[in-house]
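Understanding the architecture of this molecule
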Amino acid sequence: MTTFKRASRALTSKLAAIYTCNFHPVTSLSHFSYTQNASFCSRPRQNNKEGSTIDLNQYPSDNIRNFSIIAHVDHGKSTLADRLLELTGTIRKGHGQPQYLDKLQVERERGITVKAQTATMFHRHKFLGSDTDFLLNLIDTPGHVDFSYEVSRSLAACQGALLVVDAAQGVQAQTVANFYLAFESNLAIIPVINKIDQPTADPDRVKAQLKSMFDLNPSDVLLTSAKTGLGLEQVLPAAIERIPPPPGKSTSPLRMLLLDSYYDEYKGVICHVAIVDGALHKGDKICSAATGQSYEVSDVGIMHPELVATGILLTGQVGYIVSGMRSTKEARVGDTLHHTRTVIQPLPGFKPAKHMVFSGLYPADGSDFEALNHAIERLTCNDASVSVTKESSTALGLGFRCGFLGLLHMDVFHQRLEQEHGAHVISTVPTVPYIFEYSDGSKLQVQNPAALPSNPKNRLIACWEPTVLATIIIPSEYVGSVITLCAERRGEQLEYSFIDSQRAFMKYRMPLREIVVDFYNELKSITSGYASFDYEDSEYQASDLVKLDILLNGQPVDAMATIVHKSKAPRVGRELVEKLKTFIDRQMFEIIIQAAIGSKVIARETLSAMRKNVLAKCYGGDVTRKRKLLEKQKEGKKRMKRVGSVDIPQEAFHELLKVS
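Nothing here was measured: the structure is a model prediction, and the numbers come from that model.

**Details of the overall build of the protein chain**
Secondary structure assignment for the protein chain yields 15 helices and 31 strands. Across the 660 residues in the protein chain, those meeting the buried criterion constitute 53%. By sequence separation, contacts in the protein chain at least 24 residues apart represent 69% of the contacts at least 6 residues apart. Approximately 30700 Å² of the protein chain is accessible, and the part contributed by carbon and sulfur atoms is 50%.

**Considerations on helix α2 (residues 77-87)**
Within α2, 10 of the 11 residues are buried, leaving the element largely enclosed by the surrounding structure. Tucked into the core, α2 has its buried residues touching β1 (64-71), β2 (117-127), β3 (130-140), β4 (160-166) and α7 (235-242). A positive backbone phi angle near 75° is found at G89, which sits one or two residues after α2.

**Some words on unusual backbone geometry**
Cis geometry is found at the peptide bond from H304 to P305, where omega equals -15°. Of note, D215 is a non-glycine position whose phi angle comes to about 60°, a positive value. You can see D215 is positioned in the loop between α6 (203-214) and β6 (222-223). For R490, which is not glycine, the phi torsion reads 65° and is therefore positive. Structurally, the position occupied by R490 is in the loop between α10 (479-488) and β24 (492-498). Classification of R490 by relative accessible area gives partly exposed; the value is 23%.

**Digging into the sheet that holds strand β8 (residues 268-277)**
Spatially, the eight strands line up as an open sheet ordered β11-β10-β16-β7-β8-β15-β12-β13, and their pairing is antiparallel. The two strands at the open ends of the sheet, each matched to only one other strand, are β11 (294-296) and β13 (307-309). On average, each strand axis in the sheet is inclined to that of its neighbour by 40°, with strand direction left out of account. The sheet contact formed by strand β10 (residues 285-288) and strand β16 (residues 336-339) spans three bridges and is antiparallel. Following the sheet pairing, S288 is matched in β16 by L337. Of the strands in this sheet, β7 (255-264) and β8 are in contact with helix α8 (residues 369-382), which crosses β7 at around 145°.

**A closer look at helix α5 (residues 173-184)**
Every α-helix winds through 3.6 residues per turn, so residues three or four apart in the chain are directed the same way. Between the first and last C-alpha of α5 there are 17 Å, a value that for 12 residues agrees with the 16 Å anticipated at 1.5 Å per step. All buried positions along α5 are accounted for by A173, Q174, T175, V176, N178, F179 and A182. Once α5 finishes, N186 follows within two positions and takes phi at roughly 60°, a positive value.

**Topic: the nonpolar core**
The tendency in soluble globular proteins is for nonpolar side chains to be buried side by side. The biggest cluster of nonpolar side chains holds 47 residues, and the ones touching the most others in it are L417, F436, I472 and F519. Among all residues touching F436, those that are not within four sequence positions of it are S442, K443, L444, V446, L452, L460, A462, C463, L545 and I563.

**Re the side chain of E391**
Within the secondary structure, E391 is located in strand β18 (residues 387-393). Within the local environment of E391, its side chain forms a polar contact with the side chain of Y362, the two groups lying 2.7 Å apart. The residues contacting E391, other than those within four sequence positions of it, are G360, Y362, G397, L398, G399, F400, R401 and N448.

**Considering the sheet that holds β1**
Pairing is mixed across the open sheet formed by six strands, whose spatial order is β2-β3-β1-β4-β5-β6. Strands with a single pairing partner mark the edges of an open sheet, and in this sheet they are β2 and β6. Examined bridge by bridge, β4 and strand β5 (residues 188-194) share seven bridges and lie parallel to one another. Counted as the bridge partner of A161 is I189 from β5. In this fold α2 packs onto β1, β2, β3 and β4, with an angle of close to 150° to the strand it touches most, β1.

**Some remarks on the side chain of N373**
Take N373: it is sitting in helix α8. For N373, a relative accessible area of 14% translates into the label buried. When residues no more than four places from it in sequence are discounted, the contact partners of N373 are K390 and F400.

**Some remarks on the environment of L398**
Here L398 is to be found in strand β19 (residues 397-404). A sequence separation of 31 residues divides L398 from S367, and the C-alpha atoms of the two residues are 9.6 Å apart. Dropping the residues within four chain positions of it, L398 is found in contact with Y362, P363, F369, E391 and S392.

**So, the pattern of salt bridges**
According to the stated counting rule, one finds 18 salt bridges in the structure shown. Put simply, R489 and E522 hold a salt bridge, and the shortest N to O gap is 2.9 Å. Taken together, the positions of R489 in the loop between α10 and β24 and E522 in helix α12 (residues 519-526) put the pair 33 residues apart, joining distant regions of the chain. The shortest N-O distance in the salt bridge between E514 and R490 comes to 2.9 Å. One end of the pair, E514, is in helix α11 (residues 512-515); the other, R490, is in the loop between α10 and β24, with 24 residues separating them in the sequence. On the basis of relative accessibility, which here comes to 4%, the residue E514 falls in the buried class. Bridged by salt links that share partners, the residues E465, R490, E514 and K568 form one connected network.

**Some thoughts on the environment of R124**
Position of R124 among the secondary structure elements: in strand β2. Of the residues examined, R124 reaches a relative accessible area of 44% and is grouped as partly exposed. A distance of 2.8 Å separates a polar atom in the side chain of R124 from a polar atom in the side chain of D133.

**Considering the pairing of β7**
The buried fraction of β7 is high, at eight of 10 residues. Sheet topology note: the β7/β8 ladder contains nine bridges and is antiparallel. Looking at the pairing, D264 lines up with G268 of β8. Count of turn residues in the β7/β8 antiparallel hairpin: three residues.

**So, the packing of aromatic side chains**
Counted under the stated rule, the structure contains 11 aromatic pairs. Plain terms: the ring middles of F179 and Y180 are 5.2 Å apart, the flat faces sit at 80° to each other, and that makes the pair edge-to-face. With relative accessibility at 4%, the residue F179 sits in the buried group. Here the aromatic rings of F519 and F533 are separated by 5.2 Å at their centres, their planes lie at 55°, and the arrangement is tilted. With F519 in helix α12 and F533 in strand β26 (residues 532-542), this pair connects stretches of sequence that are 14 residues apart. Pair check on accessibility: F519 and F533 agree, each one buried. Connected via pairs of aromatic rings, a cluster forms that spans F179, Y180, F183 and F214. The ring of Y263 carries the charged tip of R378 above its face, separated from the ring centre by 3.7 Å.

Thresholds applied
- Residues numbered from 1 in each chain as written.
- Predicted model: local features only at pLDDT ≥ 70, side-chain atom pairs only at ≥ 80, totals over all residues.
- Heavy atoms only, no water.
- Helix = DSSP H or I, 4+ residues; strand = E, 2+ residues; numbered from the N terminus.
- Buried < 20%, exposed > 50% of the residue type's maximum accessible area, 1.4 Å probe, protein only.
- Contact = heavy atoms within 4.5 Å.
- Areas by Shrake-Rupley, 256 points an atom, 1.4 Å probe, with all protein chains shown as cover.
- Pairing = 2+ DSSP bridges.
- Axes fitted to C-alpha atoms, helices over the stretch in contact; angles between N-to-C directions.
- Expected span 1.5 Å × (residues − 1).
- Core = buried A, V, L, I, M, F, W, Y, C linked by side-chain atoms within 4.5 Å.
- Polar contact = N/O pair within 3.5 Å; in protein donor to acceptor, adjacent residues only side chain to side chain.
- Salt bridge = Lys/Arg side-chain N within 4 Å of Asp/Glu carboxyl O.
- Phe/Tyr/Trp six-rings, centres within 6.5 Å; stacked < 30°, edge-to-face > 60°.
- Lys NZ or Arg CZ within 6 Å of the ring centre and 35° of its normal.

Next comes the structure, spelled out in structure tokens:
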């Protein structure tokens, strides 16, 4: 009994300590010391009476640093972000959730960053001879080329960037692309070599690459291991000392840039904003420069890393606002928001997203069209780089024609529709935008191949297709194989050089159609996975293009029409009909699958009919009786062929993606 009482008293005292720690009223942020071992108790907490204990007034713009983390895929951006959040006490060390800022289910399943995420940190640093509290806004960005629009939007809210490079892999294709994005934005760039704890790490070689490619001083490079924490203590001091404060004016009228938005079932549209000039308070009335609509700010705060209400945002700070927006059309990414009854010069915003891939999106059940429409509206609020227009298909009914930045972007969008909104969709073969010119001088831009007439009234005189500038970085021994691959894909070599004795840098102009489906997979295959690839859009070039129709029993399937280069049409046509034959179920009638250019059939496969043995009941007798039964069956199958319909499974559409 005595033992039980002792244990009971001990448990009571522990609970009391936890209760005191979690609910102790806090009055000032400066009471906390942010160390790597900071506990949950040392984080600023919300006060129910006064709204928040975080006083942003003590952080003038000189004490603010806005920076992002940019890198190639899998070079350790999200892990580095985790360590910095732990180092400043923003999250608990060993929180049990790696890649804390990757919040989407698709990000955790695929191990990639899809959405740029912002987190505000507080850090004390000895600056100009005295201990000073700094407010640091960290933005973790995606690394894949398809999400470069997210990176460009993130850089617009920053004055500096941490350029992370893997100590073993060195400079990769997206490292080059992201460096120039930051360089063109006039950002201070801090090179960070990560994963120096790996057995294959060679920091000196990577420093030489950074010097030769970007002219970055090797003495400015930080050596770290985000996994073990080695060298991380120098990252935040470097960010504070090398990155300039935000250039805005606190005395000017309010101007804030709308960086991102997402839909919340209870609050409506939540907008992520960067305050460029002036200050914003809860209850202020603001106006959109793009739409002219006015709103009242009902909530304002920072991401720490979850939403924490502060009641105010000052010049140079990045946070969120809730203003009662209910429609995705109201939250335009890149828009300038300002106080009502003030005249301001709108901010430049962002370059509009240039869609590289178009695909049809249809509900698996035709009656679910409105539900799919609602789901797409909600999702496009969180992904402004998708374009959506309504269209109809003879084969699939009402649906949408969506524009994406790349094939992975399209795949992630479909997965988010299914996971986050429960939508079941059928997607058509992805295409790129083409331009066709006719003898009467008219030009037709085609995003959906079904919209291109197979037998036009006017003579076709010219075709143009979009091209890209592709950057490829590979080990030297694979140069020959890659040159052969690019030649097969109609590529034109623009540049060829060596980064060092082991790695080659190649630049090609290639048709977008040739790389959009399986080029990257084939490139990885022939280089044993060592190649890195990135591309940016370029101008249109003249090409010999034809429309390839797929016919089932003589009827064209508009959802399967595609536009290909004339030299590749026979091969692509054969592959398409062969794949369809394996995926379409046999019917009680014969199915003829054809690929045709105009009225000329270039490939054909026949799917034989399922046949009932009508002679099973005949045990002998005259042969004319058997012939009569067979002729009767034959006539019935002709009639079924004339009125029968063919169901095409979704797997067939997915398999067609692999045919280029």
